[in-house]
Amino acid sequence: MVCSRYRVYGLILESELVCPGFATVSEAKPDVFVKMGDVPDELENVKASGFKFQANPDHVLTKGRRARMLVSKGSQITIQPSEGTHEDVIRSLFMAWGLGALLHQRNIFPLHGSVISLGNECVAFCAPSGTGKSSLSALFVKRGYTLLDDNIAAIRFIDGVYKVYPGAPVIKFPHDVLKKSGDFFSSLGTFQPFLDKYVVVVSQNCPESPLPLKKIYVLTRSGQPGSALSPLSGASRFESLMKNTFCPQFLRGMNKLSQHFRTVRSLANQLPMVGVQLPDWPTSYTEVADVLERDFVA
């Protein structure tokens, strides 16, 4: 099977799975191998298990109806699709549970959020699915900002600073986004019926190196007519980061809970964090983006 090499989250992947939106490379030495092959039904030495997964210190096994996936020692992901599974579904599982488990294994903190570049720095927006961070990302892209990733902020402490690795500039919109979000989404990408979403690969010049993380914004719905910002402090920072950690269910089986707590505590102590109250639908993302842009330069 033909392999391609990609750069994502500071890693070079040699992959049998085609990944639109990932930066392609040619001669770089692979850090991770992604292949299609046989995956066991069960792990040995299971330390934790839950909804459709098992984990031990070296492996994470996910067991979905559409595919099984084994993430091993931060260096290999093996995928065994069920018969007839569409590649869009395989890719979606890989970019979620597969890469989430891989980042935890490699001690890169995955925050569930989108990231945009402000030039030499970046900011992250974290929120539960459905809150509107993809809609906000799309508007910032339209305003000329560079999207580093719309799903995972891959954070690591480098040279005394927390930095975010560029990921995949891919935005996924729910099928009814046009009804909710206004005409600035009028040019959508391919509709993937298996995911019930539109998928847009953003064409842009993405940086190769990680960028210092300036600030984290935590999006919540307020039920109020307007948007507002409020600095987070103390326990609210720690709780927000814990709540928005990507794939936290794997940590116990990996024996990484204590390490994760230390990372979250350090992030909460060192990085400014701001709560962003979003008005309910119909949300004026133009208004929200205006408020945020003023805060970027504050």
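These numbers come from a predicted model, not from an experiment.

A look at the overall build of the chain
When you go through the chain residue by residue, the secondary structure sums to 6 helices and 20 strands. In terms of overall size, the chain behaves like a compact globule, its C-alpha atoms giving a radius of gyration of 19 Å where 298 residues would be expected to give roughly 19 Å. Over its C-alpha atoms, taken along the principal directions, the chain stretches across nearly 50 × 40 × 40 Å. A sequence separation of at least 24 residues applies to 66% of the contacts in the chain between residues at least 6 apart. Accessible surface computed for the chain: about 13700 Å², of which carbon and sulfur atoms make up 48%. Charge centroids of the chain, computed over 32 positive and 26 negative side chains, lie 5 Å from each other.

A short note on the pattern of salt bridges
Following the criterion strictly, the structure yields 9 salt bridges and no others. Residue Glu14 pairs with Arg5 through a salt bridge whose shortest N-O separation is 2.7 Å. Residue class for Glu14 comes out buried when judged on its relative accessible area of 19%. For Arg5, a relative accessible area of 25% translates into the label partly exposed. Measuring nitrogen to oxygen at the nearest pair gives 2.9 Å for the salt bridge that ties Asp290 to Arg143. With a gap of 147 residues between them, Asp290 in helix α6 (residues 285-296) and Arg143 in the loop between α2 (133-142) and β12 (146-149) connect regions that are remote in the sequence. Since its relative accessible area comes to 31%, Asp290 is described here as partly exposed. Overlapping salt bridges bring together Glu87, Asp88 and Arg91 as one network.

Side note on the pairing of strand β13 (residues 152-158)
The element β13 is largely enclosed, with a buried count of 5 among its 7 residues. Pairing of β13 with strand β14 (residues 161-165), which is carried by 5 bridges, proceeds in the antiparallel orientation. From the neighbouring strand, Ile158 faces β14, where its bridge partner is Val161. Counting the residues in the hairpin turn of β13 and β14 gives 2 residues, including Asp159, whose phi is positive at 55°.

Some details on helix α5 (residues 257-270)
Between its terminal C-alpha atoms α5 stretches 20 Å, which fits the 20 Å expected from 14 residues at 1.5 Å a residue. The complete set of buried residues in α5 reads His260, Val264, Ser266, Leu267 and Ala268.

So, the pairing of strand β20 (residues 273-278)
The element β20 is extensively covered by neighbouring structure, given that 5 of its 6 residues are classed as buried. Where strand β18 (residues 211-221) and β20 come together, 6 bridges link them in parallel fashion. From the neighbouring strand, Arg221 faces β20, where its bridge partner is Leu278.

With respect to the packing of aromatic side chains
Within this structure, the stated rule accounts for 11 aromatic pairs. Judged by centre distance (5.2 Å) and plane angle (70°), the ring pair of Phe53 and Phe250 falls under edge-to-face. Placement of the pair is Phe53 in strand β6 (residues 53-55) and Phe250 in the loop between α4 (235-243) and α5, with a sequence separation of 197 residues. Relative accessible area serves as the criterion here: at 6%, Phe53 is assigned to the buried category.

Thoughts on the confidence of the model for the chain
Scored by pLDDT, the chain comes out at a mean of 89, with 91% of its residues at no less than 70. Contacts for the low-pLDDT stretch residues 178-187, under 50 throughout, to residues beyond four places or in other chains number 15 contacts.

The rules we used
- Residues numbered from 1 in each chain as written.
- Predicted model: local features only at pLDDT ≥ 70, side-chain atom pairs only at ≥ 80, totals over all residues.
- Heavy atoms only, no water.
- Helix = DSSP H or I, 4+ residues; strand = E, 2+ residues; numbered from the N terminus.
- Rg over C-alpha atoms; globule rule 2.2 N^0.38 Å.
- Contact = heavy atoms within 4.5 Å.
- Areas by Shrake-Rupley, 256 points an atom, 1.4 Å probe, with all protein chains shown as cover.
- Lys, Arg positive; Asp, Glu negative; His and termini not counted.
- Charge placed at Lys NZ, Arg CZ, Asp CG, Glu CD.
- Salt bridge = Lys/Arg side-chain N within 4 Å of Asp/Glu carboxyl O.
- Buried < 20%, exposed > 50% of the residue type's maximum accessible area, 1.4 Å probe, protein only.
- Pairing = 2+ DSSP bridges.
- Expected span 1.5 Å × (residues − 1).
- Phe/Tyr/Trp six-rings, centres within 6.5 Å; stacked < 30°, edge-to-face > 60°.
- pLDDT = per-residue confidence, 0-100.

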